[in-house]
Amino acid sequence: MSNFIIPNLQKEKIEAYLSEGKRLDGRTVEEYREIIVEDGVSENSASAVKVKFGKTEVYAGVHLAVATPYPDSPDEGTFMTSAELHPMASQQFDIGRPGINAIELSRVIDRGIRESGFIDFKKLCIKEGEKVWQVFVDIMAINDDGNLLDVAGLAALIALGRARMPVYNAKEDKIDGFSKDGIPLNKEVTAFSMTFHKIGGKIVADVGKDEEAISEFRLTIAIGDNKGEPRITAMQKGKAGTINDEDMETILKLAEDKWTEMFLKIKEYVFK
Amino acid sequence: MAKGLYTKRNSGRKMDEVRPMSAKVGIVPSADGSAMFETGKTRAIAVVRGPRTLHPQHLQNAQTGILRVSYGMMPFSVSDRIRPGPNRRSEEISKVSEWALSSVVDLSGFPNTVVDVFIQIPQADAGTRVAGLNAAAMALAHAGIPMKEMVSAIGVGKIDKTLVVDLDKYEDSDYHEGEGSTDIPVVVTSRTKNVALLQLDGKISIPEFKETMEMAKKACNEILKVQMEALKNIGGSNE
């Protein structure tokens, strides 16, 4: 993600284009690439989906297991997000234990979903203090052409929205396939995240790989719905640049506009 | 400010009041720079070693030295023992802290070197990453690392509907009434007043978020005074 080196000539070209409000692929600074969502990555899990923004492609799957609850929330299910930035997706990734990029990505996505209240953890309780459902979201990068954070975040959200609830057989303490129902979600608070980068003096949405490599900083904002008003549920600044007041104003305004523009479409994807 | 359930702070503090602070520079004799920063019951120590030659060699940058930050909580810093060594949380905090401090240090005069910053938390009552960054900024200055400006850090947020500064553990983790707790760690640069670290966890409207940023800047001015006072008084105490 951040350690990708691009030639100075390419950097200068990207910045020169941006100074006129243009991008090399013809998009405006605020424009997203085409979003494509597909099911059917694996029929064995509660759900598994493929999400693409242009050439950036991510799979995400949901798995539910029966677990013991945490002592401080005995009547609530638990949630865990993991991400693998596999070398098949990019020259920059390596086999092995998740590195800092994979850890940061999964933690930012986890917070955005967890804090929005999207998952109804109380309804994931089987027997208070003893058994609850544990929800896993697993993210696999397939091709990195920039903005993995947003693509993976949307894939995680859609995988949760489309996940089937397993049937728990208490007598034999095992899982008997899937029910017809989805997992318990608070559909009205669906939050999704958007990442904005500062490049050559401009704030840019949905960056490509080269743009991402030369940006000064990025700011990820997860926004959910609070009775028609946007509500921030998670934020994360990345990279060593700093945000001045003007950038902050621009980003918040852009985030609000983009959320308003995309929210209904995103909801359609999630609750197909 | 909107009326809510949280009208009085558990600690008795005003909504925009930071906890009592204390800072000390020069606490680890063998280090190139070191400092302690305390806010209420949260205490952080930071140690700087370097610039020193970076190994393995392939990580070296011939244009500039690099900054490396490692954050960790000591096993006995909270009531449940923390397993020693890095975990996902500490690795993420190390990285965002590294970004925040890298934005103000200038290591272009020290090519092929590394400056290591070690942040450790002996006692935690929320706000550990910001306390650690306050200590780290002082330790970097103490080590004589060239800095474009200082940084100060604070946690701001929202408890139910009330905006607050410097959340303690009760407010950060134990409060679940109404709209619950929103936690926003922020790092503000001393001269340009830019944001060098920003994270958020919770539920907050855009206008409320803007207000918390103003509160953070005000609090950081107070913290900066404590940091600068401690730096003038190296080896001494500033309680």
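Because the structure is predicted, anything quoted here is derived from the model rather than measured.

Reading the values: rules and limits
Chains are numbered independently. Their residues run from 1 in the order of the written sequence. Numbering of ligands from 1 and lettering of chains from A proceed in the order in which they are written. Local features in this predicted model are restricted to residues whose pLDDT is 70 or higher, and side-chain atom pairs enter the listing and the counts only when it is 80 or higher, whereas totals over whole chains, interfaces and linings include all residues. Secondary structure elements are taken from DSSP: a helix is a run of H or I of four residues or more, a strand is a run of E of two residues or more, and numbering for both begins at the N terminus. A residue pair is marked as a contact if its C-beta atoms, positioned from the backbone, fall within 7 Å. Asp, Glu, Lys and Arg are counted as charged, while Ala, Val, Leu, Ile, Met, Phe, Trp, Tyr, Cys and Pro are counted as nonpolar; the rest, among them Gly, fall into the polar class. Should DSSP find at least two bridges between two strands, the strands are regarded as paired. One confidence number per residue, pLDDT, is output by the predictor and ranges from 0 to 100. Expected span of a helix: the number of residues minus one, times 1.5 Å. The exposure label follows from counting other C-beta atoms within 10 Å of a residue's C-beta, where the C-beta atoms are placed from the backbone and the thresholds are 20 or more for buried and 12 or fewer for exposed, leaving partly exposed in between. A fitted line through C-alpha atoms serves as each axis, taken over the contacting stretch for helices, and the angle formed by two N-to-C directions is quoted from 0 to 180°. We call two directions roughly parallel when the angle between them is under 35 degrees, roughly antiparallel when it is over 145, roughly perpendicular when it lies between 65 and 115, and oblique otherwise. In this scheme the handedness of a crossing depends on how the near helix is turned from the far one: anticlockwise by less than a right angle means left-handed, clockwise means right-handed.

Asks: Explain unusual backbone geometry to me, please; I cannot follow it from the model alone.
Replies: Excluding glycine, a negative phi dihedral is what most residues carry, and trans is how most peptide bonds are arranged. All names here are of chain B. For the bond running from Gly-50 to Pro-51, omega is 5°, close enough to zero to count as cis. As for its position among the elements, Pro-51 is in strand β3 (residues 42–53). With an omega of -5°, the peptide bond between His-55 and Pro-56 qualifies as cis. By the element assignment, Pro-56 lies in the loop between β3 and β4 (66–73).

Asks: Looking at this structure, how should I read the interface of chain B and chain A?
Replies: Interface size is often expressed as the accessible area that is lost when the parts come together. Counting from both sides, the interface comprises 23 residues of chain B and, opposite them, 26 residues of chain A. At the level of secondary structure, the elements contributing two or more residues to the side of chain B that touches chain A comprise α1 (88–102), β9 (195–205) and α4 (206–232) of chain B. Broken down by element, the residue count for the side of chain B that touches chain A peaks at eleven residues, all from β9(B). Tallied by class, the residues present in the side of chain B that touches chain A amount to nine nonpolar, eight polar and six charged. In this sheet, β9(B) lies alongside strand β12 (residues 229–238) of chain A in antiparallel orientation, the contact comprising five bridges. The residue of β9(B) that forms the bridge with A:Met235 is B:Leu200.

Asks: Help me understand the confidence of the model for chain A, please; the structure alone is not making it clear to me.
Replies: Detailed reading of predicted coordinates is not advised where the pLDDT is low. Summarising the model, chain A shows a mean pLDDT of 92, and 99% of its residues fall at 70 or more. At the low end of the mean pLDDT range in chain A sits helix α1 (residues 8–19) of chain A, at 91; at the high end sits strand β10 (residues 202–205) of chain A, at 97.

Asks: How should helix α3 (residues 148–161) of chain A be read in this particular structure?
Replies: Within an α-helix, residues lying three or four positions from one another point in the same direction, as the helix has 3.6 residues per turn. Relative to the 20 Å expected for 14 residues at 1.5 Å per residue, α3(A) spans 20 Å between its end C-alpha atoms, a close match to the ideal helical length. Most of α3(A) is tucked away, with 14 of its 14 residues classed as buried.

Asks: Mind showing me how you'd approach the environment of B:Val114 here?
Replies: All names here are of chain B. Considering the arrangement of structural elements, one finds Val-114 in strand β5 (residues 113–123). For Val-114, a count of 20 C-beta atoms within 10 Å gives the class buried. Sequence-wise, Val-114 and Pro-51 are 63 residues apart; in three dimensions their C-alpha atoms are separated by 5.3 Å. The contact partners of Val-114, leaving out residues within four places of it in the chain, are Gly-50, Pro-51, Arg-52, Leu-54, Gly-65, Ile-66 and Arg-68.

Asks: What exactly am I supposed to notice about the packing of helix α2 (residues 100–116) of chain A against α3(A) here?
Replies: All names here are of chain A. At their nearest, the axes of α2 and α3 sit 10 Å apart, and the two run at 45° to each other. When the interaxial angle is binned, α2 and α3 end up oblique. Between α2 and α3 lies a crossing whose hand is right-handed. Together, Leu-105, Val-108, Ile-109, Gly-112 and Ile-113 of α2 and Leu-148, Leu-149, Ala-152, Gly-153, Ala-156 and Leu-157 of α3 make up the contact between the two elements.

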